[in-house]
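Results of the structural survey
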Amino acid sequence: MPEPELRKSDPAASVVHAHAATLKRLEKSSGSLAQQAIARMDETLPWYRAMPPENRSWIGLVAQAGIAAFTEWFRQPDAPQAISTDVFGTAPRELTRAITLRQTVEMVRTTIEVMESAIDEVAAPGDESVLREALLVYAREIAFATAQVYAQAAEARGAWDARLESLVVNAVLSGEADEGAVSRAAALGWNAPEHVCVVLGTAPDGDSELTVEAIRRAARHAKLQVLTGVLGARLVVIAGGSDNPLAVAKSLIGPYAAGPVVAGPVVPDLLAATRSAQAAAAGLKACSAWQDAPRPVLADDLLPERAMAGDPSAREQLVEEIYRPLEEAGSALLETLSVYLEQASSLEGAARMLFVHPNTVRYRLRRVTDVTGWSPSDVRSAFTLRIALILGRLADGDLQP
């Protein structure tokens with residue numbers, strides 16, 4: 001365990017102890033008191049009985065060291081004193097992971113209670129109040145030492161967890177997520193939710209740890225799992241537990257700085273989160289081209305801007321999700337949509353060019369909406385459809401010999 005900074009007893013202190021008889025009896029009783037404390041723990045603490053023998057033996061050593069430290073404490077009452085490092089230094093650092101702070105407090109309390117119950121037997125006649133007062137002061141100091149040990153362990157674990165989380169977030173964002181990243185995420189408490197998405201935006205100025213903690217609070221309120229970090233100027237959040245990326249982004253948007261916030265598409269797991277991260281990153285880069293973009297915005301709503309900014313996945317998505325389905329649905333839909341867009345979204349103008357009734361155009365446009373999910377009558381959707389048609393034709397041109 002981490003060892004608190006402690007003061008040693010002064011070896012040059014008075015050789016003749018004011019309560020020599022009590023000290024001698026305390027030294028003789030220290031072994032039996034430690035055995036009684038261990039027996040009391042075994043009797044009253046279920047978690048102690050359930051522990052592996054190795055951990056129980058370490059706890060026994062800590063109890064013995066604590067009683068021995070009290071003896072030294074009582075030996076030098078006038079010297080500057082603190083708990084000896086031997087109290088917690090006998091146990092390995094890993095014990096702080098096996099035993100919680102609450103359990104350590106119960107262990108210390110049980111040991112102190114055993115020592116307190118033996119005061120009348122251990123103290124020489126007339127020294128009972130002196131020994132009891134010394135035990136009270138010792139109990140206070142060992143409580144502080146216990147808190148310091150666990151605070152140091154928590155700080156060390158927190159720093160390590162932060163580094164581990166940064167590695168996972170960076171692996172996802174850089175497209176290098178693998179089973180190692182999944183294992184590291186599991187060590188951080190990520191329990192593999194079914195729906196995962198990545199939210200990107202600008203990180204605020206100031207302490208990044210405060211920003212990360214604000215994201216965690218928002219995630220707890222929204223009942224989401226998150227892995228998060230500030231990478232350069234970007235605040236990255238990998239969120240799990242919801243199949244609605246826009247709702248996820250809205251619930252976590254508070255800690256982001258001013259500017260666009262982009263949510264990538266939902267993917268099934270952490271390994272696939274790279275796709276969501278890449279889409280969100282491309283959307284964040286292209287978002288300036290859509291000045292009226294909502295905040296937050298979906299990466300898929302930025303497909304035309306992403307395509308024009310050179311994102312190959314956006315180009316492929318527009319072709320495969322819009323152009324190809326229209327192509328497979330029949331040439332009439334592609335032709336009607338193309339003419340309708342060229343005629344400034346005029347039903348009558350498209351009908352004249354196609355030599356059909358306006359109701360036929362209207363029906364075909366409804367079919368376009370059914371096939372693609374984008375409505376030609378909506379200005380933003382019409383822009384997306386136009387870009388998809390251009391990219392689809394370019395792709396067909398490349399396929400021709």
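Quick look at the structure, then. (Residues numbered from 1 in each chain as written. Predicted model: local features only at pLDDT ≥ 70, side-chain atom pairs only at ≥ 80, totals over all residues. Heavy atoms only, no water.)

Here we come to helix H1 (residues 20-44). For H1, which comprises 25 residues, the first-to-last C-alpha distance of 34 Å matches the rise-based estimate of 36 Å (1.5 Å per residue) to within 8%. Taking the largest bend as the criterion, H1 deviates by roughly 45°, centred on serine 29. Of all the positions in H1, only Thr22, Leu23, Leu26, Ser29, Leu33, Ala34, Ala37 and Met41 are classed as buried. (Helix = DSSP H or I, 4+ residues; strand = E, 2+ residues; numbered from the N terminus. Expected span 1.5 Å × (residues − 1). Bend = angle between axes of the 7 residues up to and from the residue. Buried < 20%, exposed > 50% of the residue type's maximum accessible area, 1.4 Å probe, protein only.)

Take the layout of surface pockets next. When its volume is computed, the second largest pocket comes out at roughly 250 Å³. Surrounding the second largest pocket, 13 residues form its lining, Pro265, Arg275, Ala279, Ser313 and Gln317 being those nearest its centre. Listed by contribution, the elements that provide at least two residues to the lining of the second largest pocket are helix H12 (273-286) and helix H14 (312-329). Counting residues per element, the lining of the second largest pocket draws most heavily on H12, at four residues. Tallied by class, the residues present in the lining of the second largest pocket amount to four nonpolar, four polar and five charged. (1 Å grid on protein atoms, 1.4 Å probe; cavity = no way out; pocket = protein on both sides within 12 Å on 5 of 7 lines; lining within 4 Å. Points joined across faces, edges and corners; volume = space filled by probe spheres on them. Nonpolar A, V, L, I, M, F, W, Y, C, P; charged D, E, K, R; others polar.)

Applying the stated criterion across every chain yields a total of nine salt bridges. In this structure, the salt-bridge partner of arginine 132 is aspartate 120, at a minimum N-O distance of 3.9 Å. Of this pair, arginine 132 sits in helix H8 (residues 128-174) while aspartate 120 sits in helix H7 (residues 119-122), placing them twelve residues apart in sequence. Assessed through its relative accessible area of 32%, arginine 132 is described here as partly exposed. Under the relative-accessibility criterion, aspartate 120 is labelled exposed at 54%. A salt bridge links glutamate 213 to arginine 220; the nearest nitrogen and oxygen atoms lie 3.4 Å apart. With a relative accessible area of 32%, glutamate 213 lands in the partly exposed category. Several salt bridges share partner residues, and in doing so they unite Asp300, Arg306 and Asp311 into one network. (Salt bridge = Lys/Arg side-chain N within 4 Å of Asp/Glu carboxyl O.)

This part covers empty space enclosed by the protein. For the structure shown, the criterion picks out three cavities of 30 Å³ or more. Estimates place the volume of the largest cavity at around 100 Å³. In terms of lining residues, the largest cavity is bounded by twelve residues, among which Val62, Gly66, Val108, Thr111 and Ile142 are the most central. Elements with a contribution of two residues or more to the lining of the largest cavity: helix H3 (53-75), helix H6 (101-117) and H8. At five residues, the largest contribution of residues to the lining of the largest cavity is made by H6. For the lining of the largest cavity, the per-class residue count stands at ten nonpolar, two polar and no charged. Put simply, the second largest cavity is a space of about 60 Å³. Around the second largest cavity sit Leu26, Leu33, Phe70, Met115, Ala118, Ile119, Val122, Leu131 and Leu135, which together line it. Going through the elements one at a time, H1, H7 and H8 are the ones with two or more residues in the lining of the second largest cavity. Split by residue class, the lining of the second largest cavity holds nine nonpolar, no polar and no charged.

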